[in-house]
Each structure stands twice: as C-alpha cells, then as structure tokens.
Amino acid sequence: MKVTKAEIVISAVSKAQYPKTNIKEIALAGRSNVGKSSFINRVIGRKNLVRTSSKPGKTRTLNFYTINDLFYFVDVPGYGYAQVSKSERAKWGQMMEEYFETREQLQLVILIVDIRHSPTSEDIQMVDYVTYLDIPLLIIATKLDKISKNKVSQHVRQIKQSFGKNNNVPIIPFSAKTSENKDLVWREIKKYI
Ligand code: GTP
Ligand code: MG
C-alpha cells in the first residue's frame, strides 16, 4: 500500500482520550526495545514518524497514528522493561487491559518478537491473552537482518513451537533495517482494514 498520509493523532493514557472515530485499528505489542516503533516506520515508509530508541522504554503511552485516514496503527508501550517501578507497571497493566478489552475498533494485534531469541514468558502470556480475547493475531519476527539466511526457517519453527497450543498463529520474518518481507506484511494487514 502506498502511504500518502501518516500522522500522530493522540498519545492516550485512558479511554476518554482515544480517538472518537470508527476507523479500524491495528495495535503493536511486544517486549520493550524489540522494534515495535521501527516496524511502524518501516512499513509506512516514514523514517522518523514514530520515535524509536536504542534504550528500552521509549514508548510510554498508547500512540494512535492515522494511516491514509483508513486505519490507525496504535503503538503500545512494551513490557519486560526492568527499570520500571511496581506502581508504574500496575498503571501499564491497567492501560493495556482497558485498551485490549474494550476497544471495539481493534481488528488485529501484531506481536513483535526478536527472530534471534525464544519468546519470553511475557510474549507467551500476550499470545494467550489476545487469543483468549478472540482478537486476530499476527506475529512478526523482526531483526531478520541479524541472522544468516539459512537459519531463518529454524528460528521461525522454534518461535512457533514456544507458543504451545497457540502455535497456529501466522509468523512473518521481517527486518525494519532492510524492509525484507514488507509486501507479505501488507498482504496480511490488508485483510483487516
Ligand atoms: P519501546 O518503545 O522502548 O518499547 O521499544 P520499541 O519496541 O518501539 O523498539 P524501537 O523501534 O525503538 O527499536 C529498538 C532498537 O532496535 C532501535 O535501536 C532500533 O534501531 C533497533 N531495531 C528495530 N528493528 C530492527 C531491525 O529490524 N533490525 C535491526 N538491525 N535493528 C532494529
Ligand atoms: Mg517504541
């Protein structure tokens, strides 16, 4: 898809602040610093629309980006960031639950994992949670540029296996550095917008 318009609409921390429109939404989820914001930038072809960082914990709010006035990408703060206080973590949990459990516009959750590593227990919890809520899920195994080509299918298989009973979720290997498989990503996204 050719993206002609991509803008931040709001950074929200609670429901009252969500956009009052009915256009569809696709949310990004995943471990802190895994590459969620970079994924959005690369897929829409804007280098720096979404702020990224080599330090974890960059995204702290639910950030709604309108794409061609057709749908929103919702960039969600990552989990598993150690430098967070207990009370902040509880606030994060509430913010996430409120969004995932009540937002009717939410069509798809894209879970970003690192292709080099086995998913963490929090990744597995996230897959179980989204599946339990009956929200469609797509897994992106990012940082594909960091492993050699002949290891890709082995890594994808290992990631799939770690999700146990939910191992039928589609997984696309992807690189925000090289754009590899961007067309496959759009093909999946188009089914939901
Ligand atoms: P938080 O907002 O902190 O939760 O992080 P995030 O998941 O949004 O990660 P972000 O996109 O900020 O990326 C984190 C780091 O990983 C940055 O240094 C990126 O440049 C790097 N990165 C992201 N995707 C890729 C990729 O596909 N390949 C490589 N080589 N680096 C990547
Ligand atoms: Mg981010």
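One can find the structure itself at the top, above this paragraph.
These figures come from a predicted structure and were not determined experimentally. (Residues numbered from 1 in each chain as written. Chains lettered and ligands numbered in written order. Predicted model: local features only at pLDDT ≥ 70, side-chain atom pairs only at ≥ 80, totals over all residues. Heavy atoms only, no water.)

K.L.:
Please provide a residue-by-residue account of helix H5 (residues 182-190), values included.
P.N.:
All buried positions along H5 are accounted for by Val 185, Trp 186, Glu 188 and Ile 189. Seen from one end, H5 has its buried residues packed into an arc of 160 degrees, which puts them on one side. Those residues of H5 that are exposed and aimed more than 90 degrees away from the buried face are Asp 183 and Arg 187. Those residues of H5 that are buried are in contact with strand E2 (24-30), helix H1 (36-44), strand E4 (71-75), strand E5 (106-114), strand E6 (137-142) and strand E7 (171-173). (Buried < 20%, exposed > 50% of the residue type's maximum accessible area, 1.4 Å probe, protein only. Helix = DSSP H or I, 4+ residues; strand = E, 2+ residues; numbered from the N terminus. Arc of directions from axis to C-beta. Contact = heavy atoms within 4.5 Å.)

K.L.:
Quick rundown of the nonpolar core? Include the residues and the values.
P.N.:
By size, the foremost hydrophobic cluster in this structure holds 34 residues, and its most contacted members are Tyr 99 and Leu 111. Going through the elements one at a time, E2, strand E3 (62-67), E4, helix H2 (86-102), E5, helix H3 (121-132), E6 and helix H4 (152-162) are the ones with two or more residues in this core. The residues contacting Leu 111, other than those within four sequence positions of it, are Ala 29, Gly 30, Tyr 79, Asp 123, Met 126, Val 127, Leu 137, Leu 138, Ile 139, Ile 140 and Phe 163. Counting residues in each nonpolar core, the second largest holds 24 residues, with Val 34, Phe 39, Tyr 65 and Ile 172 among its members. (Core = buried A, V, L, I, M, F, W, Y, C linked by side-chain atoms within 4.5 Å.)

K.L.:
Help me get a handle on the site of ligand 1, residues and values and all.
P.N.:
Near ligand 1 there are 23 residues, and of these Lys 36, Ser 38, Thr 59, Asp 145 and Ala 176 occur at the shortest range. Contacts to ligand 1 include Val 34, whose backbone N or O atom sits 3.3 Å from an oxygen atom. Here Gly 35 contributes a backbone N or O atom positioned 2.9 Å from an oxygen atom of ligand 1. Against a free-state accessible area of 660 Å², the protein chains account for coverage of 87% of ligand 1. With three residues, the top contributor of residues to the shell around ligand 1 is H1. Split by residue class, the shell around ligand 1 holds three nonpolar, 13 polar and seven charged. (Near = heavy atom within 4 Å. Polar contact = N/O pair within 3.5 Å; in protein donor to acceptor, adjacent residues only side chain to side chain. Areas by Shrake-Rupley, 256 points an atom, 1.4 Å probe, with all protein chains shown as cover. Nonpolar A, V, L, I, M, F, W, Y, C, P; charged D, E, K, R; others polar.)

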